[in-house]
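Here is what each chain is made of, one letter per residue.
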Amino acid sequence: MGFIEDFFTYETPKSVVVKSWTVGIINRIMQLLIITYFIGWVFIHEKAYQTKETRIESTVITKVKGFGRSQLPNGLEKVMDVADYVIPPQGGNVFSIITATRITENQVQATCPEDPDNKELLCQTDAHCDDEMTHQVGSGIRTGRCVRFRKNVHTCEIKGWCPVELDETEKVQMTGAENFTIFIKNSIRFPLFNFSKGNMLPNITKDYIRSCSYHPETDLFCPIFRLRDIVALAGQDFRALTYKGGVIGIRIEWKCNLDLAAERCVPSYSFLRLDRVSQTNTVSQGYNFRHARFYRHPNGTEYRTLLKAYGIRIDIMVNGQAAKFDVIPTVINMVAAFTSIGLGAVVCDLILLNFIKGADKYKAKKFEEVGMDYDKQSKSTLSSIDLYRSKQTLSLSPDLSTNPSNSPCK
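Residues numbered from 1 in each chain as written. Predicted model: local features only at pLDDT ≥ 70, side-chain atom pairs only at ≥ 80, totals over all residues. Heavy atoms only, no water.

**Q** Summarise the confidence of the model for the chain; cite the residues concerned and give the values.
**A** Close inspection of predicted coordinates is inappropriate in any region flagged by low pLDDT. Model confidence for the chain is summarised by a mean pLDDT of 84, while 87% of its residues fall at 70 or above. Across residues 387-410, where pLDDT falls below 50, the model places four contacts with residues more than four positions away in sequence or in other chains. (pLDDT = per-residue confidence, 0-100. Contact = heavy atoms within 4.5 Å.)

Now the structure itself:
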């Protein structure tokens, strides 16, 4: 019954005016801090009065220009253009610029010994080469024979493209890659607001494009980037990166306040090394991949040149946010602000009830309990008052009848 009585109780606020400098100052400071937070952070910094959209639709088109030089093993110099060192050539948001290659020429379908640098494929007898297995790290399918690679060195024989690629083959390094330029054309759209924009700003002309180069201080909006500048802004050493390879990210960020003019919605660029973790590994450092160029002899026999390419892979990432004034978030945050001001009263109550001298007196003034027999007592009191009034009326009636001179009607 006690639990039921406690459950079916009703509390109503009671205002108590406390004349205390200490509590009053604390109350006003709390209110000032809350108001400052909502005005300064919520409304001005976070712009909580706006509706925001981060679902950006984007497309990227790229073009690389420049010429490089490679010194071939036969002593000849080869001039390389975009078709030689850019893969894939479609001009998307992910592409590779080849800066070094390890070349294995004139490969044909045949059988040949494996690379002795692969210690698992060294052998002494055919028993070490199981013809039922395929070694995924090797260069082909094992035939089950142990053959001589060179004097005193035997390896398992494979069937595939021969001769196999050898790690001891010297890399062919390309020079001049630091002057390559990358043209980036980016178009974005925020579907919620049906707003579209591109990084080709209205003030960009043909003459400007021919001469400009992106710089983080002097030329923020030029869409042409020099490769050496990209690597430097990512905090990397260009020579080491071109030798072992790596992945560089170009981040294009759009932050558009659509309450302002559309011309103020402009992109910002940042650069970073995406495969930074690979620098700390002792195995598989950098970035490389293999591709081949196929040819055919006059007699119809196919052969190829295998290229193990090292280079810089460019990943272009686009993200952004658009915001515009909306009544609903404005009202919601204003209500939250007004409600939060009441936190000052909560803190002051805690101080008055627990830490201020005279807390019992304040507690007695703030909280007042009314028992369950309040209604009965009230009815009893009202009945007594009515009875008293009726008695007074009855006592006055005889006086009026016996003493007519006291009658007001006289």
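**Q** Summarise empty space enclosed by the protein; cite the residues concerned and give the values.
**A** Tallied over the entire structure, the rule returns one cavity of 30 Å³ or more. Its boundaries defined by the atoms lining it, the largest cavity holds a volume of some 30 Å³. Along its surface, the largest cavity is lined by Ser70, Met80, Ile98, Thr99, Ala100, Thr101, Val172 and Met174. Put simply, the parts of the chain that give the lining of the largest cavity at least two residues each are β6 (94-113) and β9 (172-175). It is β6 that provides the largest number of residues to the lining of the largest cavity, a total of four residues. Split into classes, the residues belonging to the lining of the largest cavity amount to five nonpolar, three polar and no charged. (1 Å grid on protein atoms, 1.4 Å probe; cavity = no way out; pocket = protein on both sides within 12 Å on 5 of 7 lines; lining within 4 Å. Points joined across faces, edges and corners; volume = space filled by probe spheres on them. Helix = DSSP H or I, 4+ residues; strand = E, 2+ residues; numbered from the N terminus. Nonpolar A, V, L, I, M, F, W, Y, C, P; charged D, E, K, R; others polar.)

**Q** Describe in detail the environment of Leu343, supporting the description with residues and values.
**A** Inspection of the secondary structure assignment puts Leu343 in helix α8 (residues 343-354). Distance from Leu343 to Met30, taken between C-alpha atoms, is 7.7 Å for residues 313 residues apart in sequence.

**Q** For the packing of aromatic side chains, give the residues involved together with the corresponding values.
**A** Evaluation of the coordinates by the stated rule reveals 11 aromatic pairs. Consider the rings of Tyr85 and Phe180, whose centres lie 4.3 Å apart with planes at 5°: the pair is stacked. Remark: Phe180 occurs in the loop between β9 and β10 (181-190) and Tyr85 occurs in helix α3 (residues 82-85); sequence separation between them is 95 residues. We note that Tyr85, like Phe180, is buried. Arranged with centres 5.0 Å apart and planes meeting at 65°, the rings of Phe225 and Tyr269 form a pair that is edge-to-face. Within this pair, whereas Phe225 is found in strand β12 (residues 224-226), its partner Tyr269 is found in strand β14 (residues 267-273), the two being separated by 44 residues in sequence. By the burial criterion, Phe225 is buried, and Tyr269 matches it. Positioned above the aromatic ring of Tyr243 is the side chain of Lys171, whose terminal nitrogen or guanidinium carbon lies 3.9 Å from the ring centre. (Phe/Tyr/Trp six-rings, centres within 6.5 Å; stacked < 30°, edge-to-face > 60°. Buried < 20%, exposed > 50% of the residue type's maximum accessible area, 1.4 Å probe, protein only. Lys NZ or Arg CZ within 6 Å of the ring centre and 35° of its normal.)

**Q** Report on the state of the cysteines, specifying residues and quantitative values.
**A** If you walk through the whole model with that rule in mind, you get five disulfides. A sulfur-sulfur separation of 2.1 Å characterises the disulfide bridge that pairs Cys112 with Cys162. Across the disulfide from Cys112 to Cys162, rotation about the S-S bond amounts to roughly -80°, and the bridge is consequently left-handed. Of this pair, Cys112 sits in strand β6 while Cys162 sits in strand β8 (residues 153-162), placing them 50 residues apart in sequence. Grouping residues by exposure puts Cys112 and Cys162 together as buried. (Disulfide = S-S within 2.5 Å.)

**Q** Explain the packing of α8 against helix α9 (residues 359-366) residue by residue, including any values.
**A** In contact at an axis separation of 7 Å, α8 and α9 are set at 125° when each is read in the N-to-C sense. Between α8 and α9, the angle falls in the class oblique. Residues Asp349, Leu352, Leu353 and Asn354 of α8 touch α9, and the partners they reach there are Ala359, Tyr362, Lys363 and Lys366. Taken together, the residues that form the contact of α8 with α9 break down as four nonpolar, one polar and three charged. (Axes fitted to C-alpha atoms, helices over the stretch in contact; angles between N-to-C directions. Parallel < 35°, antiparallel > 145°, perpendicular 65-115°, else oblique.)

**Q** Report on the nonpolar core, specifying residues and quantitative values.
**A** Formed by 39 residues in total, the largest nonpolar core has its most connected members in Tyr85, Ile182, Leu227 and Ile314. Look past the residues within four positions of Tyr85 in its chain and what remains in contact with it is Val64, Lys65, Gly66, Phe67, Met80, Ser96, Ile97, Ile98, Met174 and Phe180. (Core = buried A, V, L, I, M, F, W, Y, C linked by side-chain atoms within 4.5 Å.)

**Q** Kindly report on the pairing of strand β16 (residues 302-325), identifying the contributing residues and their values.
**A** As paired elements, strand β1 (residues 50-53) and β16 share four bridges and run antiparallel to each other. When the bridges of β16 are listed, Gln50 appears paired with Phe325. Where β6 lies against β16, 11 bridges are found, and the strand directions are antiparallel. Among the inter-strand pairings, Ile103 is bridged to a residue of β16, identified as Leu307. As defined by bridge partners, strand β13 (residues 246-257) adjoins β16 across 12 bridges and the pair is classed as parallel. Bridge pairing in β16 links Trp254 to Gly320. Pairing of strand β15 (residues 288-296) with β16, which is carried by nine bridges, proceeds in the antiparallel orientation. In the sheet register, Arg293 faces β16, and the bridge partner there is Thr305. (Pairing = 2+ DSSP bridges.)

**Q** Could you give an account of the environment of Arg296, naming the residues involved and the relevant values?
**A** In this fold, Arg296 is placed in strand β15. Those residues in contact with Arg296 that lie beyond four places of it in its chain are Thr301, Glu302 and Tyr303. A distance of 2.9 Å separates a polar atom in the side chain of Arg296 from the backbone oxygen of Gly300. (Polar contact = N/O pair within 3.5 Å; in protein donor to acceptor, adjacent residues only side chain to side chain.)

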